[in-house]
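Listed here are the chains, written in short residue letters.
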Amino acid sequence: ADDGVAYKGTIMLLHGFTACPQQYFETHAHLTALGYNVLAPLLPGHGLEFKWVPVYENAGPWWNPWSVKKLSTWKGEDKVDRLARDNNEFKAYVDRLNAVMKEVPGDRIVTGLSLGGAVAMLTGATYVDSTNSPLYTRQLISVPLMDFSDSILSGILYAASRFTWTSNILQGWGDGCEVERRAGRAGICAFRMGQVYQAKEIGAETLALLKATDKTSTFTQIVYVEGDLAVSNPLVRDLYDTYSGSKSKCVMDKAVGHSFMSRYDNPTENKYWLYEAHQRVASWLAQAV
């Protein structure tokens, strides 16, 4: 929480596949101003690995080889094979998150986007205490990844990720991701096809778990984008119907992108909705139940 603002609780923000906590930097500022501490952990296997690399600088005339100075700087590299390919990695990760959140006073709130939305679902679905009380006061689940959309591209990704001989193929978001990096994006750009499949499996398994249990009493809002080309909206609507407690939903216009919370994802996109989205998300997360 900001200095001089009464503490209300702790909010945990979970980012999307191949992204990082940067997706929530601006939301973070709104939440701390409202009196919340914010946790924004990396999902399993995400983040860059940094190492010192040599950099040469010519400090004198071009014709003088002795004027070249050797400097050093940090360079981040994608470490593709660290990304999770086993649901047990996510489950162990969620257990650690819940252990931390159990110890904080005040409101306990979780929100996530895309893969982070699926992991946020899992945090509440797997927590059990002696009184069967929910750990979280509220949860905001945005465009959760439980299956791919029915777009042609998503179908190709799904098919290629299902088979052993194609699941190890090194893939990435292409040149556009490097453009985003130069514009300030801090996530990774490369992944293996099997890791895409595993990312959606954690959401599919959590949805099945929610349907089989009655751990759905946390006040929940589901957010999805009309015409989302990344995730399956029918399953998102199915998720909404699964929650039996207090709930609401927000449908974003089809002009809004899947990664709608960060100006660094698709930086050339005119994100006219961004400031209002940050304010509305912060307002909903901070509301009294």
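Below, the structure is looked at part by part. Bear in mind that the values here come from a model prediction, so they are computed numbers and not experimental data.

**Digging into the nonpolar core**
Point 1. Residues Leu14, Leu115, Val119, Leu239, Phe260 and Leu285 are the most contacted members of the largest nonpolar core, which totals 65 residues.
Point 2. The residues touching Leu285, leaving out its near neighbours within four places in the chain, are Ile11, Leu31, Tyr36, Ile109, Thr111, Arg138 and Leu140.

**Side note on helix α1 (residues 25–33)**
Point 1. Of the residues making up α1, those classed as buried are Thr27, Leu31 and Thr32. Projected down its long axis, α1 shows its buried positions confined to an angular sector of 130°, all on one face.
Point 2. Two residues or fewer past α1, Gly35 is found with a positive phi of approximately 105°.

**Description of the side chain of Thr123**
Point 1. Checked against the element boundaries, Thr123 lands in helix α3 (residues 115–126).
Point 2. Among the polar contacts made by the side chain of Thr123, one reaches the main-chain carbonyl oxygen of Ala120 at a distance of 2.6 Å.
Point 3. Other than its neighbours up to four places away in sequence, Thr123 contacts Met12, Val94, Leu97, Asn98, Val110 and Tyr136.

**Thoughts on the packing of α3 against helix α7 (residues 193–212)**
Point 1. Running from amino to carboxyl end, α3 crosses α7 at an angle of 35°, the nearest separation of the two axes being 9 Å. When the axes of α3 and α7 are compared, the crossing they make is left-handed. Contacts between α3 and α7 involve Leu115, Ala118, Met121, Leu122, Ala125 and Thr126 from the first element and Ala199, Ile202, Gly203, Thr206, Leu207, Leu209 and Leu210 from the second.
Point 2. Here the residues of the contact of α3 with α7 are counted per class, giving 10 nonpolar, 3 polar and no charged.

**Regarding the side chain of His258**
Point 1. Within the element layout of this structure, His258 appears in the loop between β10 (247–252) and α9 (274–286).
Point 2. Looking at His258, its side chain comes within polar contact range of the side chain of Asp228, at 2.8 Å.

**Here's the deal with the packing of aromatic side chains**
Point 1. On inspection of all chains with the given rule, the structure shows 5 aromatic pairs.
Point 2. Note on Trp173 and Phe191: the rings are 4.8 Å apart at their centroids and 55° apart in plane angle, and the pair reads as tilted. Of the two residues, Trp173 is situated in the loop between β7 (170–172) and α6 (175–182) and Phe191 in strand β8 (residues 190–192); the sequence distance between them amounts to 18 residues.
Point 3. Since its relative accessible area comes to 1%, Phe191 is described here as buried.
Point 4. Clustering of aromatic rings is evident, with ring pairs tying together Phe17, Trp173 and Phe191.
Point 5. Above the plane of the ring of Tyr240 lies Lys247, whose end atom (NZ or CZ) is 4.4 Å from the centre.

**Observations regarding the pairing of strand β6 (residues 138–142)**
Point 1. Counting buried positions along β6 gives 5 out of 5 residues, so the element sits mostly inside the fold.
Point 2. By the alternation rule, side chains of β6 split into Arg138, Leu140 and Ser142 and Gln139 and Ile141, which are all buried.
Point 3. Bridge count for strand β5 (residues 107–113) against β6 is 5 bridges, and the pairing is parallel. When the bridges of β6 are listed, Val110 appears paired with Gln139.
Point 4. Sheet topology note: the β6/strand β9 (residues 219–225) ladder contains 5 bridges and is parallel. When the bridges of β9 are listed, Gln139 appears paired with Thr220.

**Regarding the pairing of strand β1 (residues 9–14)**
Point 1. Buried residues dominate β1, accounting for 6 of its 6 residues.
Point 2. Because side chains alternate across β1, one face comprises the buried residues Gly9, Ile11 and Leu13, and the other comprises Thr10, Met12 and Leu14, equally buried.
Point 3. Pairing geometry for β1 and strand β2 (residues 36–39), over 4 bridges, is parallel. Bridge pairing links Met12 to Leu39 in β2.
Point 4. Each parallel crossover has a hand, and for β1 linked through α1 to β2 it is right-handed.
Point 5. For β1 and β5, the ladder comprises 6 bridges, and the chain directions are parallel. If you follow Leu14 over to β5, its bridge partner there is Gly112.

**A short note on the pattern of salt bridges**
Point 1. Enumeration according to the criterion identifies 10 salt bridges in this entry.
Point 2. As a salt-bridge pair, Glu178 and Arg181 come within 3.3 Å of each other at their nearest N and O atoms. Of this pair, Glu178 and Arg181 both sit in helix α6, 3 residues apart, which is roughly one turn of the helix.
Point 3. Overall, the relative accessible area of 33% leaves Glu178 in the partly exposed class.
Point 4. Note that Asp265 and Arg185 form a salt bridge whose closest N and O atoms lie 3.2 Å from each other.

**Considering the sheet that holds β6**
Point 1. Spatially, 6 strands are ordered β2-β1-β5-β6-β9-β10 in an open sheet, and the strand pairing comes out parallel. Only two strands of the sheet have a single partner each, and these edge strands are β2 and β10. With strand direction ignored, the average angle separating the axes of adjacent strands in the sheet is 15°.
Point 2. As paired elements, β9 and β10 share 6 bridges and run parallel to each other. Residue Val223 lies in a different strand from β10, and its bridge partner there is Cys250.
Point 3. Where α1 meets the sheet, it contacts β1 and β2, and its direction lies at approximately 150° from that of β2.

About the criteria used
Residues numbered from 1 in each chain as written. Predicted model: local features only at pLDDT ≥ 70, side-chain atom pairs only at ≥ 80, totals over all residues. Heavy atoms only, no water. Core = buried A, V, L, I, M, F, W, Y, C linked by side-chain atoms within 4.5 Å. Buried < 20%, exposed > 50% of the residue type's maximum accessible area, 1.4 Å probe, protein only. Contact = heavy atoms within 4.5 Å. Helix = DSSP H or I, 4+ residues; strand = E, 2+ residues; numbered from the N terminus. Arc of directions from axis to C-beta. Polar contact = N/O pair within 3.5 Å; in protein donor to acceptor, adjacent residues only side chain to side chain. Axes fitted to C-alpha atoms, helices over the stretch in contact; angles between N-to-C directions. Left-handed = near helix turned anticlockwise from the far one by under 90°. Nonpolar A, V, L, I, M, F, W, Y, C, P; charged D, E, K, R; others polar. Phe/Tyr/Trp six-rings, centres within 6.5 Å; stacked < 30°, edge-to-face > 60°. Lys NZ or Arg CZ within 6 Å of the ring centre and 35° of its normal. Pairing = 2+ DSSP bridges. Right-handed = clockwise from strand over helix to strand, strands pointing away. Salt bridge = Lys/Arg side-chain N within 4 Å of Asp/Glu carboxyl O.

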